[in-house]
Amino acid sequence: MGKRARRVFFAFVVAATTAGGAGVLFTILESDGMTPFELAIQVLFTILFAWIAAAAWTALLGFFTILRGGDKFTVTRVFAKVGRRPLSDDRRTAIVLPTYNEEAGRVFAGLRAMYEDLAATGQLDHFDFYVLSDSTDPDAWVSEELHWAALLRQVGGQNRLFYRHRPKNIARKSGNIADFCENWGHLYEYMIVLDADSVMAGATLVDMVRLMEAHPKAGLLQVPPKPVNQNSPFARIQQFASSAYGPVYAAGLHWWALEDGNYWGHNAIIRIAPFVQHCGLPVLPGREPLGGEILSHDFVEAALLRRAGWQVLLAYEMDGSYEESPPTLIDHEKRDRRWCQGNLQHIRLLFARRLKPVSRLHFLMGVMSYLSSPLWLLLLIASWLEAFRRVSTKPVYFFGDNIFPAWPVSYAFEATTLLAFTLSLLYLPKLLGYFALLGDRERLGGHGGAIDVVVSMVLESLFSILLAPIMMISQTRFVFSTLLGTGIHWTTQQRESSGLRFREAASAYWRHTLIGVVVGILTYVLIPDFFWWLSPIVAGLVLAIPFAQISSRPGLGRELRRSGIFLIPEEVDPPSVLRRLHRFEGIPAKLPGTLGGELGANATAIERIIVDPIANALHVSLLPPAKPSRSRKLYLQGLIQKYEDEGLNTLTRDERIDLLADPDSMMSLHALVWSKRADAALAAPASSVA
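Residues numbered from 1 in each chain as written. Predicted model: local features only at pLDDT ≥ 70, side-chain atom pairs only at ≥ 80, totals over all residues. Heavy atoms only, no water.

Caption draft 1: The overall build of the chain, seen in detail. The helix and strand inventory of the chain stands at 27 helices and ten strands. Here the C-alpha radius of gyration of the chain, 29 Å, is about what a compact globule of 690 residues would show, namely 26 Å. Overall, the chain is about 115 × 60 × 55 Å in size when its C-alpha atoms are taken along their principal axes. By the burial criterion, 52% of the 690 residues in the chain qualify as buried. Here the contacts in the chain between residues at least 6 apart in sequence split such that 82% fall between residues at least 24 apart. Split by element, the accessible area of the chain, about 32200 Å² in all, is 61% carbon and sulfur. With 67 positive and 64 negative side-chain charges, the chain shows a spacing of 4 Å between the two charge centroids. (Helix = DSSP H or I, 4+ residues; strand = E, 2+ residues; numbered from the N terminus. Rg over C-alpha atoms; globule rule 2.2 N^0.38 Å. Buried < 20%, exposed > 50% of the residue type's maximum accessible area, 1.4 Å probe, protein only. Contact = heavy atoms within 4.5 Å. Areas by Shrake-Rupley, 256 points an atom, 1.4 Å probe, with all protein chains shown as cover. Lys, Arg positive; Asp, Glu negative; His and termini not counted. Charge placed at Lys NZ, Arg CZ, Asp CG, Glu CD.)

Caption draft 2: Geometry of the nonpolar core. Leu111, Leu161, Ile192, Leu221 and Ile610 are the most contacted members of the largest nonpolar core, which totals 78 residues. Element by element, the count of residues in this core is highest for helix α4 (residues 104-119), at nine residues. Not counting the four nearest positions on each side in its chain, Leu221 is found in contact with Val75, Met208, Leu211, Met212, Ala268, Ile269, Leu313 and Ala315. By size, the runner-up hydrophobic cluster in this structure holds 30 residues, among which are Ile270, Phe299, Leu305 and Leu349. (Core = buried A, V, L, I, M, F, W, Y, C linked by side-chain atoms within 4.5 Å.)

Caption draft 3: Structural context of the confidence of the model for the chain. Summary statistics for the chain give a mean pLDDT of 91 and a share of 92% for residues scoring 70 or more. Across residues 404-410, where pLDDT falls below 50, the model places nine contacts with residues more than four positions away in sequence or in other chains. (pLDDT = per-residue confidence, 0-100.)

Caption draft 4: Geometry of the pattern of salt bridges. Overall, the coordinates contain 27 salt bridges when judged by the stated rule. A salt bridge links Glu116 to Arg112, with the shortest nitrogen-to-oxygen separation between them at 3.0 Å. You can see Glu116 and its partner Arg112 sitting in helix α4, four residues apart, about one turn around the helix. In this structure, Glu570 and Lys226 form a salt bridge, with 2.9 Å as the shortest nitrogen-oxygen distance. Placement of Glu570 in helix α20 (residues 569-572) and of Lys226 in strand β7 (residues 226-227) is noted, with a sequence separation of 344 residues between them. Through salt bridges with shared partners, a single network forms among Glu38, Glu386, Arg389 and Arg390. (Salt bridge = Lys/Arg side-chain N within 4 Å of Asp/Glu carboxyl O.)

Caption draft 5: Focus on the sheet that holds strand β5 (residues 199-200). The sheet built from three strands is open, its strands ordered β5-β10-β7 with mixed pairing. Looking at strand neighbours, the two that pair on one side only are β5 and β7, the edges of this open sheet. In this sheet, strand β10 (residues 321-323) lies alongside β5 in antiparallel orientation, the contact comprising two bridges. Within the sheet, the bridge partner assigned to Val199 lies in β10 and is Tyr322. (Pairing = 2+ DSSP bridges.)

Caption draft 6: The arrangement of the packing of aromatic side chains in detail. Applying the stated criterion across every chain, the model contains 22 aromatic pairs. For the pair Tyr130 and Trp184, a centre-to-centre distance of 5.8 Å together with 45° between the ring planes defines the contact as tilted. Note that Tyr130 is positioned in strand β2 (residues 127-133) and Trp184 in helix α6 (residues 172-184), a separation of 54 residues in sequence. The exposure class of Tyr130 is buried, given its relative accessible area of 6%. Both rings, one in Tyr130 and one in Tyr188, keep their centres 5.8 Å apart while their planes meet at 85°; by these two values the pair is edge-to-face. With a gap of 58 residues between them, Tyr130 in strand β2 and Tyr188 in the loop between α6 and β4 (190-193) connect regions that are remote in the sequence. (Phe/Tyr/Trp six-rings, centres within 6.5 Å; stacked < 30°, edge-to-face > 60°.)

Caption draft 7: Highlighting the layout of surface pockets. Empty space within the second largest pocket amounts to approximately 660 Å³. Grouping the constituent residues of the lining of the second largest pocket by class yields 14 nonpolar, four polar and ten charged. (1 Å grid on protein atoms, 1.4 Å probe; cavity = no way out; pocket = protein on both sides within 12 Å on 5 of 7 lines; lining within 4 Å. Points joined across faces, edges and corners; volume = space filled by probe spheres on them. Nonpolar A, V, L, I, M, F, W, Y, C, P; charged D, E, K, R; others polar.)

Caption draft 8: Broad picture of the sheet that holds strand β1 (residues 93-99). Here we have seven strands laid out as an open sheet, ordered β3-β2-β1-β4-β8-β6-β9, and mixed in their pairing. Strands with a single pairing partner mark the edges of an open sheet, and in this sheet they are β3 (161-165) and β9 (311-314). Pairs of neighbouring strands in the sheet enclose a mean axial angle of 20°, with direction left out of account. Bridge count between β4 and strand β8 (residues 268-271): four bridges; the pairing is antiparallel. (Axes fitted to C-alpha atoms, helices over the stretch in contact; angles between N-to-C directions.)

What follows is the structure in structure tokens.
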């Protein structure tokens, strides 16, 4: 089937499925005239049913694609035709890792794992690595410098592994990447964009470059990242769902998107020249949150590349691409809140000029991923009000002079059929994911085998049933707060957690619990028959606090893993890059300096930078030349005096940043500390000066 025919077919089957479901509902509702509540139910159900149908058909098409072993448009098919050719010597690739106030030990352990895994392929000479720091936390900033210097020594990465700290966090991650392109992009043909928690296998990095060279019209190639490395039940369930169900959905997305694919912001390779030429992001008119800088820049950059005629490809069949998901429900919602604002901004881009229709569809799908929650809530409210109206209305069986009663017509069969069909569409991607696993013995074993996979699927389904109403309320709040003008503060994603305390969970979800209790009691008292239909939603809200707390416990997650539940192949047989990551995470980095033991294990990164001669020289060498004004010099001298009189802890975060950014101030602080040490040594030569 050709490209255009695929899209026509996909649009037809989604529209036909939606029309069928909406038609059955219309038959049920209009039998005795349609009330305003029933009209609202009809409209909302039709919109949401189309959303469900699109997801189900995407998974079904992906399942058949996997069953056939791919199709003629599968990106990696080119390897079967021409093989894996050597990389071109005149086309270099930059691997860029933007970071923002992350834990430096984990960031550089991942970087070292990728570096050494890439070196094992024999293709390291074609790549350079860049750590692009936007960190605003002073300890995070200087810790990055120390870990970078340690990594240089460990792997011999001079002239191949670079670090840059950007003094002003303009336009967040997209601005960070733009700064790289402006200053160093001309040196490279491609860049592979990572997140701070990304890990990619060396062979995958090399194959990404090969695929770009084999597809000269490709501007961007996305490799789907798989969540790994988490212990909490919440994150482990997300890992399992992504690993078991994700491939059929990704294959289906590629089936109808083809060269009009999307960009997920990381674990992707980009051709730099067209990216620089066409992907400058506009500043949306108006005030934040819907105006100002674009948060979800990735969708927009993919759309701009397509508008310029470059292909955006999805290599759904490639392995070796990994990330880490939030460990708790609270952390998941913090990230979701950012994504919500970014995706809602895309409403303003839906009708931008000259965009490809599929690019507009990607925008619409991103918007609907959040608007669907308030729409589901409105559907439930309309259904509740209609049910209450019916139980409050006395039925009339005789009309006018007619002596024969007009019995109400039962549509129980149609209603039951529609409900069953809707649930089937909702669960179809999960079932197809399981059937795809059954057809791949290696992947099935990697998930624990046929029996353990069934147990995992049942538990994951129960988890999803409880999670859905919680996220419905939370995302509805996110949507309305965004539309009402409440913006967000960009925070670092939590990568690890020892579990939520009851107070944390209760503080976050007491409103959900209250809503569940109130709705449950009102429904049971006023509409007892409707209560049992609503019970799964009520249960999820009432149990929100213990659900959040229990699902955050790493110990429980490890027990589930030992029992073979929610296993993924990367745990059964870890690839070399993840084995390296686990090993390097367990080894404390040997940070540069001559006073490591003397400073003590609890010394902060800033204390090390101030006191240690080598660390201080390293930091100063990485700073750009500074020519502060007279007033600025006086301000910095005042901070140095404050440090001398009252100590480091009395300086605010901004004051520490100001000192760290000025090379003369850092050398002055270093000289001040050592002059005090010398004075102390002269005064008490027999004692040890700390």
